[in-house]
Each structure stands twice: as structure tokens, then as C-alpha cells.
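Report on the structure
In case you want the letters, here they are:
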Amino acid sequence: MDDKKYCSINDLPLVMKVEDLMPVLCIGRNTAYELVRSGQIRSIRVGRSIRVPKEAVAEYLSK
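Description of the structure in this document. In this convention, every chain numbers its residues from 1, walking through the sequence in written order. Where totals are concerned, whole chains, interfaces and linings use all residues; where local detail is concerned, this predicted model gives features only for residues with pLDDT of at least 70, and gives and counts side-chain atom pairs only at 80 or more. Heavy atoms throughout the structure, all of them, feed into the side-chain values; hydrogens and water do not.

Remarks on the pairing of strand β3 (residues 49–53)
Applicable threshold: Should DSSP find at least two bridges between two strands, the strands are regarded as paired. Helix and strand assignments come from DSSP, with helices taken as H or I runs of at least 4 residues and strands as E runs of at least 2, each series counted from the N terminus.
Where strand β1 (residues 15–17) and β3 come together, three bridges link them in antiparallel fashion. Considered in β3, the bridge of Met16 is made with Val52. Note: strand β2 (residues 44–46) against β3, three bridges, orientation antiparallel. Considered in β3, the bridge of Val46 is made with Ser49. Connecting the antiparallel pair β2 and β3 is a turn made up of two residues, with Gly47 showing a positive phi of about 65°.

In C-alpha cells form, the structure reads like this:
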């Protein structure tokens, strides 16, 4: 796993894996998946993978 440090929302990639949310939001794996499952953070399924758009993270943080 990459230990990337993001200084602002603009530094985030356009699309992230759920695991990439963990360091951004300072949360654990279970919490990240629960936010996606509950719809609190919008996500997209690509095959069996779940991807989270950068805009969805910005929307969640602005709530």
C-alpha cells in the first residue's frame, strides 16, 4: 500500500479504492466500507471492485 500524504482535496486522484479512503479520512477499513455500503459516500462498482470518485469524498466532507 502506498503511504501517500494528501495536503488538499485537489491532490486526491480522480477515483480511489475504498482502502484509499482510510488515510484520507483517518478511519479504519471497516468504517470506510460501512460509509460506502450505507451510501454516506457515493461509490461506483466496476466489476467486483468498488471505486469512490473524488467528488464523492468532497461531498461527504462538506456535510
